[in-house]
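The primary structure of each chain is shown beneath.
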Amino acid sequence: MSAQTELPQAETTVYEVTGMTCGHCEGAVSSEISEIAGVTSVKAVAATGLVTVVSEAPLDEAAVRAAVDEAGYELAGVSKA
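Residues numbered from 1 in each chain as written. Predicted model: local features only at pLDDT ≥ 70, side-chain atom pairs only at ≥ 80, totals over all residues. Heavy atoms only, no water.

We now examine the nonpolar core. Counting 21 residues, the largest nonpolar core has Met20, Val29, Ile33, Val51 and Tyr73 as its most contacted members. Contributions of two or more residues to this core are made by strand S1 (11–18), helix H1 (23–34), strand S2 (39–45), strand S3 (50–55) and helix H2 (61–71). If near-sequence neighbours (up to four positions away) are discounted, Met20 is found in contact with Cys25, Glu26, Val29, Ala44, Val45, Ala46, Gly49, Leu50, Val51 and Tyr73. (Core = buried A, V, L, I, M, F, W, Y, C linked by side-chain atoms within 4.5 Å. Buried < 20%, exposed > 50% of the residue type's maximum accessible area, 1.4 Å probe, protein only. Helix = DSSP H or I, 4+ residues; strand = E, 2+ residues; numbered from the N terminus. Contact = heavy atoms within 4.5 Å.)

Following this line, the structure appears as structure tokens:
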């Protein structure tokens, strides 16, 4: 018998980012957010301005805002959709 270990619940948050217009923008935002501790996945879509972030625990919005600012864009907030 093998003991089943429980994995921590992943947290998915969708952020709205303004100023992204192309694939390079998506890459810049994704790269900066990926450096935040606990982030396991980032998918930015310039066409919608949405960035989906999967992390091990809820992220500090200030850290996400700082990462987006570092990439040269603006975090509008958490998507309500």
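Quick look at the sheet that holds S2 now. Spatially, S2-S3-S1-S4 is the arrangement adopted by the 4 strands of the open sheet, whose pairing is antiparallel. The open sheet terminates on both sides in strands that have one partner only, identified here as S2 and strand S4 (74–78). The mean inter-strand angle of the sheet, taken between neighbouring strand axes irrespective of direction, is 25°. Sheet topology note: the S2/S3 ladder contains 6 bridges and is antiparallel. Of the residues in S3, the one forming a bridge with Val39 is Ser55. Here H1 sits on the sheet in contact with S1, S2 and S3, set at roughly 160° to S2. (Pairing = 2+ DSSP bridges. Axes fitted to C-alpha atoms, helices over the stretch in contact; angles between N-to-C directions.)

Function cannot be inferred from these measures alone, as they are strictly geometric.
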